[in-house]
Amino acid sequence: MIIAIDGPAAAGKGTLARRLAEHFGLELLDTGLLYRAVGLKTIRGGADPGDARAAVRAARALSPSDLEDTALRGEEAAQAASQVGAIGAVRAVMLDFQRTFAHTPPGAVIDGRDIGTEVCPDADVKIFVTARPEVRAERRLKELRARGVDAIHGRVLQDMKERDARDAKRDVAPLKPAEDAFVLDTGDLDADAAFAAALDFITSRNRRG
Ligand code: CDP
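Draft legend 1. Quick peek at the site of the ligand. Residues in contact with the ligand amount to 18 residues; listed here are only the nearest, Arg36, Arg91, Arg140, Arg163 and Asp167. Contact distances for the ligand include 2.9 Å between a nitrogen atom and a side-chain N or O atom of threonine 31. The contact in question runs from an oxygen atom of the ligand to an N or O atom on the side chain of aspartate 167, over 2.6 Å. In isolation the ligand has 530 Å² of accessible area, and contact with the protein removes 97% of it. Assessed atom by atom at 2 Å from the grid points, the ligand resides in the largest pocket. Elements with a contribution of two residues or more to the shell around the ligand: helix 2 (31–44), helix 4 (75–84) and helix 8 (153–169). A per-element tally of the shell around the ligand places helix 2 first, with four residues. The residue makeup of the shell around the ligand, split by class, is four nonpolar, four polar and 10 charged.

Draft legend 2. The arrangement of the sheet that holds strand 1 (residues 2–6) in detail. Strand order in the open sheet formed by five strands is 2-3-1-4-5, and the pairing between neighbours is parallel. Either end of the sheet is taken by a strand with one partner, and the two such strands are strand 2 (27–30) and strand 5 (182–185). Adjacent strand axes in the sheet meet at a mean angle of 20° when their direction is disregarded. Contacting strand 1, strand 4 (125–130) and strand 5, helix 9 (residues 191–208) crosses the sheet at an angle of about 155° to strand 4.

Draft legend 3. Spatial organisation of helix 4. A large share of helix 4 lies buried, amounting to seven of its 10 residues. Within helix 4, burial applies to Ala77, Ala78, Gln79, Ala80, Ala81, Ser82 and Val84. Packed against the buried residues of helix 4 are helix 2, helix 3 (52–60), helix 5 (88–103) and helix 8.

Draft legend 4. Here's a closer look at the nonpolar core. Counting 19 residues, the largest nonpolar core has Ile3, Ile5, Leu16, Leu20, Val109, Ile127 and Ile202 as its most contacted members. At the level of secondary structure, the elements contributing two or more residues to this core comprise strand 1, helix 1 (13–24), strand 4 and helix 9. Considering each element in turn, this core owes the most residues, six residues, to helix 9. Look past the residues within four positions of isoleucine 3 in its chain and what remains in contact with it is Leu20, Phe24, Leu26, Ala108, Val109, Ile110, Val125 and Ile202. Grouped together as the second largest cluster of nonpolar side chains are 12 residues, Val56, Ala81, Val84 and Val90 included.

Draft legend 5. Main features of the pattern of salt bridges. Under the definition given, this model contains 13 salt bridges. Of the charged contacts, one joins arginine 140 and glutamate 143 as a salt bridge, the two residues approaching to 3.2 Å between their closest N and O atoms. Residue arginine 140 and its partner glutamate 143 are both found in helix 7 (residues 133–146); the two are separated by three residues, about one turn of the helix. On the accessibility criterion, arginine 140 (17% relative accessible area) is buried. Given the relative accessible area of 36%, glutamate 143 is considered partly exposed. Salt-bridge contacts for arginine 170 lead to aspartate 167; the nearest nitrogen and oxygen are separated by 3.6 Å. Relative accessible area serves as the criterion here: at 9%, arginine 170 is assigned to the buried category. Residue class for aspartate 167 comes out buried when judged on its relative accessible area of 3%. Because the salt bridges share partners, they merge into one network encompassing Arg113, Asp167 and Arg170.

Draft legend 6. Structural context of the pairing of strand 4. Summarising burial for strand 4: six of the six residues are buried, a large majority. Of the two faces of strand 4, both are covered, the one formed by Val125, Ile127 and Val129 as well as the one formed by Lys126, Phe128 and Thr130. Here strand 1 runs beside strand 4; their pairing, made up of four bridges, is parallel. Residue pairing across strands places aspartate 6 opposite phenylalanine 128, the latter belonging to strand 4. Pairing analysis gives four bridges linking strand 4 to strand 5, with the strands arranged parallel. Residue pairing across strands places phenylalanine 128 opposite valine 183, the latter belonging to strand 5.

Definitions and cut-offs
- Residues numbered from 1 in each chain as written.
- Predicted model: local features only at pLDDT ≥ 70, side-chain atom pairs only at ≥ 80, totals over all residues.
- Heavy atoms only, no water.
- Near = heavy atom within 4 Å.
- Polar contact = N/O pair within 3.5 Å; in protein donor to acceptor, adjacent residues only side chain to side chain.
- Areas by Shrake-Rupley, 256 points an atom, 1.4 Å probe, with all protein chains shown as cover.
- 1 Å grid on protein atoms, 1.4 Å probe; cavity = no way out; pocket = protein on both sides within 12 Å on 5 of 7 lines; lining within 4 Å.
- Sits in = over half its atoms within 2 Å of the grid points.
- Helix = DSSP H or I, 4+ residues; strand = E, 2+ residues; numbered from the N terminus.
- Nonpolar A, V, L, I, M, F, W, Y, C, P; charged D, E, K, R; others polar.
- Pairing = 2+ DSSP bridges.
- Axes fitted to C-alpha atoms, helices over the stretch in contact; angles between N-to-C directions.
- Contact = heavy atoms within 4.5 Å.
- Buried < 20%, exposed > 50% of the residue type's maximum accessible area, 1.4 Å probe, protein only.
- Core = buried A, V, L, I, M, F, W, Y, C linked by side-chain atoms within 4.5 Å.
- Salt bridge = Lys/Arg side-chain N within 4 Å of Asp/Glu carboxyl O.

None of the figures reported here should be taken as evidence of function without further support.
Okay, structure coming up:
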């Protein structure tokens, strides 16, 4: 089984993906981490994340150790990810790995922006997780503060809106729900309620065959 989870920043994709993977015994892939790693590698190589040639070089050279950097969770990596993610040639390099991962038994829960639309249009289940920007910014703020990062709500909200706009407006693989996605608004749901709603959707869908 392949479960595709897409949606904007801090909507609750990661938590939901992890819980679904545990529940169904599937592998888990956070594709945001891949794009963050390409963004950071591009910067560390001395180039601008908007530089297509440098970003493609970084994507091709990506290795497992690049995914272990603690800076990947930071805002610099997030913005760089969104810039390299707007480059079609970078996305093309990432495609094979993601598809192979998805189709390797026992299957996977994959979260990102274009999983249901581009990477796995054949996914068994597609969920688009969303929430109003203010709620998402509040969640990101809590996450940051829990990690000891000093941040203010207004700035987090502004950075997030900027990134969402870039992700939604880009020409290649823009952020949008697949036509057959279940749209899950987590604005008024905690992690348990979001998980229960997703599970309900999956089981009712499987019953219908
Ligand atoms: O954790 P958060 O939702 O803030 O971000 P993320 O999932 O780690 O993704 C960081 C950035 O990578 C996004 O803003 C996208 O620009 C890019 N990304 C993408 O283009 N395609 C994906 N499949 C995943 C992430």
